[in-house]
Amino acid sequence: MAIEIVTVPDLGGAESVDVIELNLTPGDSVELEDSLLVLESDKATMDVPSPHTGTLVKYLVADGATVKIGDPIAEIETSAEASGETESEPETVKEEVAEPVAEVEEAVAEEAPAAASEQLIVVPDIGSDDEIDVIEIAVAVGERVEEGDTLIVLESDKATMDVPSSHAGTVIKILATEGDKLRTGGQVAILQVSGAPVAAAEVATKVVAPQIAETAAAKPAVTSAAQPSTNTASAKVTATPASIAEDTEASSVYAGPSVRMLARELGVSLDKVSGTGPRGRIQKDDVNGYVKNALSNSSGDSSQLAASGSGIPAVPAVDFSQFGEIESVKLSKIQKLTANNMQRNWLNVPHVTQFDDADITELEDFRKSLKAEGEKRGIRVTPVAFLIKAIAISLQANPEFNRSLAGDGEHYIQKHFINVGMAVDTPRGLVVPVIKNADEKGIWEISEDITSLAGLARDGKLKPSDMQGGCFTLSSLGAIGGTGFTPIVNSPEVGILGVSKSQIKPHWNGSEFVPRLMLPLCLSYDHRVINGGDAGRFMTHLVKLLSDIRYLAL
Ligand code: CAO
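A brief report on the enclosed structure follows. (Residues numbered from 1 in each chain as written. Predicted model: local features only at pLDDT ≥ 70, side-chain atom pairs only at ≥ 80, totals over all residues. Heavy atoms only, no water.)

Below, the discussion takes up the sheet that holds strand β11 (residues 144-145). Sheet architecture is open: four strands sit in the order β9-β16-β14-β11, paired in antiparallel fashion. Every interior strand has two partners, whereas the edge strands, β9 (118-122) and β11, have only one. Judged from the two bridges that link them, β11 and strand β14 (residues 169-174) form a sheet pairing that is antiparallel. Each bridged residue has a counterpart across the sheet, and for Val145 the counterpart in β14 is Gly169. (Pairing = 2+ DSSP bridges. Helix = DSSP H or I, 4+ residues; strand = E, 2+ residues; numbered from the N terminus.)

The full set close to the ligand counts 20 residues, and Thr382, Arg458, Ser475, Ser500 and Ser502 are the nearest of them. The separation between an oxygen atom of the ligand and a polar side-chain atom of Thr382 is 2.5 Å. A distance of 2.9 Å separates a nitrogen atom of the ligand from a polar atom in the backbone of Ser502. Look at the ligand: alone it shows 970 Å² of surface, and the protein chains cover 73% of it. (Near = heavy atom within 4 Å. Polar contact = N/O pair within 3.5 Å; in protein donor to acceptor, adjacent residues only side chain to side chain. Areas by Shrake-Rupley, 256 points an atom, 1.4 Å probe, with all protein chains shown as cover.)

Reading across the sheet, the four strands line up as β13-β12-β10-β15 and stay open at both edges, with antiparallel pairing between neighbours. Edge strands, defined here as strands with exactly one partner in the open sheet, are β13 (160-164) and β15 (181-182). The pairing of strand β12 (residues 150-155) with β13 spans five bridges and is classified as antiparallel. Looking across to β13, one finds that Glu155 is bridged to Thr160.

Right, here's the structure in full:
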C-alpha cells in the first residue's frame, strides 16, 4: 500500500483555476483515468483524471478553492505494484511531449518575423460594448489575406458579422478561437504585413501544447495529445458555455459528470434545469431543486418530469429514417434564437390579429412616378418605405402601440421615440434591423435605410446597434405573396404589422364597382397592453394614411 498525492496538472497557460466540482467521496474506489474533480478557468473546464487505481483517501482542496499547477488536490491509497507502474510512465511521456514543443519553439523563434512588420488586427467598432461570440475562424496561420478579407466571424444574439482584415499580409498568429467572446478592440490576429508566408508553426504548437483556451474552442471534450496518466499530466478539456453551442447533446448543457449522473439517476433532462453555479453551471442542488419543484407542482406525479417546460406535453421524437432517406442539419445560431424567441413570445403574449385592406392605388401611382428621380438619386423606393413612414405616424397618433410592459408587472414604459423594425429574410435566418427615428425621416431617407439595412442583413454584417431599440415591427411578405398571415409580436414590443401582396380588387364606390389596388394588412398585438379599440383606431389610421398619402405629410 502507498499513499499517492495527486497534484494539479499542466493548465496549458492558465495561471490559476477554480475547483468547481469534487466528483467522488473519500473511501470511493478509483480506477485509472476516473475523473477526480473538475477545474474551471475563464475559458474551459477540465476533468482531472486519476493517475492511479486505488481508493480516494481524501481531497486536499475544497469545492470553490482556487489552485495552480502542482498544488496537491487529493490523496489516493494504491497497491505498491499499481503505484510503481504509473510512476515509470510520466518521464517517458514528458520526454515525448517536450521534444515537439521544443522543436516548435525553435521553429517559431527562427521564423518569427521582425516586430516592425507585424500588424495586430482587432475587432472594429461593433456599435456596442457587448461581448460577442466568435463562431468561426476564417483563416489559418500561414495564409495570405488581402485587406477586407474575412478573418473571423462574430455572432451576437441577433446577427453574424465578419471581421475583415484591415491590412494585406500573412497570418502569423490567430489570437481568437471559436467560442471566445470579443468586444470592440478585442485581439483577432497578427499579420506579417510584408514578406513571405510563414510556416504553420503556430498550428503545431496548438497540437502539442495543451492550451486550455485553444483546445476548448477547437473541440469540446478533447483529450489533449499531451495527456499522459501522471500526477502532473494534462487534463481532459471540455468547453464552457461559450463554445458548447456547436456541440452535441452530451455537452450542450453546462454541467459536470457527477451532476449528469445524478440527473440520469433521477430521470431529469438537464436542458430543463437552470444552473445557479458560476457562468450558469448546473449544480447538484439545481437538479434536486428541479425535482422537488416538479413533484410539488404535479402533486406527486413524477411523470411531470418527462414533460417539456410549463407542463406542456413534449412532442414525441419520431425516427423519420424508417420512412425514407433523411439528413440532420444543424440550426444556425440565428435560427435557434428565432425559434426560442418565437416560442417565448407565442407562449407569453396573448395575441390578437386584426385584418384590413388599404387602397394603395394612388400610393402605387405616386411611387412609380418617383422611379426616374430614384434612378438619378440611386435610390429604389418600394412600398415598404411608405409602410414604415405610415407606421411611424400611426405610432405618434396611437402611443399605446409604443409601449412595453415593465418587468415588475406594475408599470408600462411609454417610449417617446419612434424606431420601426423591419423583418428581413436572410439565408442565415430572420433578422430585424431597426429604422431609427422613422417619424423624422422622409421617403427617400427611409428607402436608403431599407436598402442599406436589408443589404447588411443579407451579408451578415449588421451591428448589434442596428437591431436594437425597435418600438414596432413590420413584416412584409408583399414581394413573395399570400393574402394574409398572423405575425407573432416581437416582444417586448406590443405590435407587429404583417403585409401581404397587393391585388387589384373590385371596390364599391357607392354607385359602381371600380378596380382598386388593395394591400392586405394584418396587425397582431399584445392584448395585455392593447385593447381592441386601440387596435381598431391604429389600423384605421394606418389604412387612411396609406390610402391617401397626403396625410403622411401632415
Ligand atoms: N405587394 C406587391 N408587391 C410588393 C409588395 C406588396 N405588398 N411589397 C413589395 N412589393 C414589390 C416591390 O415593389 C418590388 O417590386 P418592384 O421592384 O417592381 O417595385 C418587389 O416586390 C421586391 O421588393 P423587395 O422585397 O426587394 O423590397 P421590399 O422593400 O419590398 O422589402 C424586405 C424589403 C427587407 C422587407 C424584404 O426583402 C424581406 O426580406 N421580406 C421578408 C420579411 C419576412 O421574412 N417576414 C416574415 C417574418 S416572420 O413573421
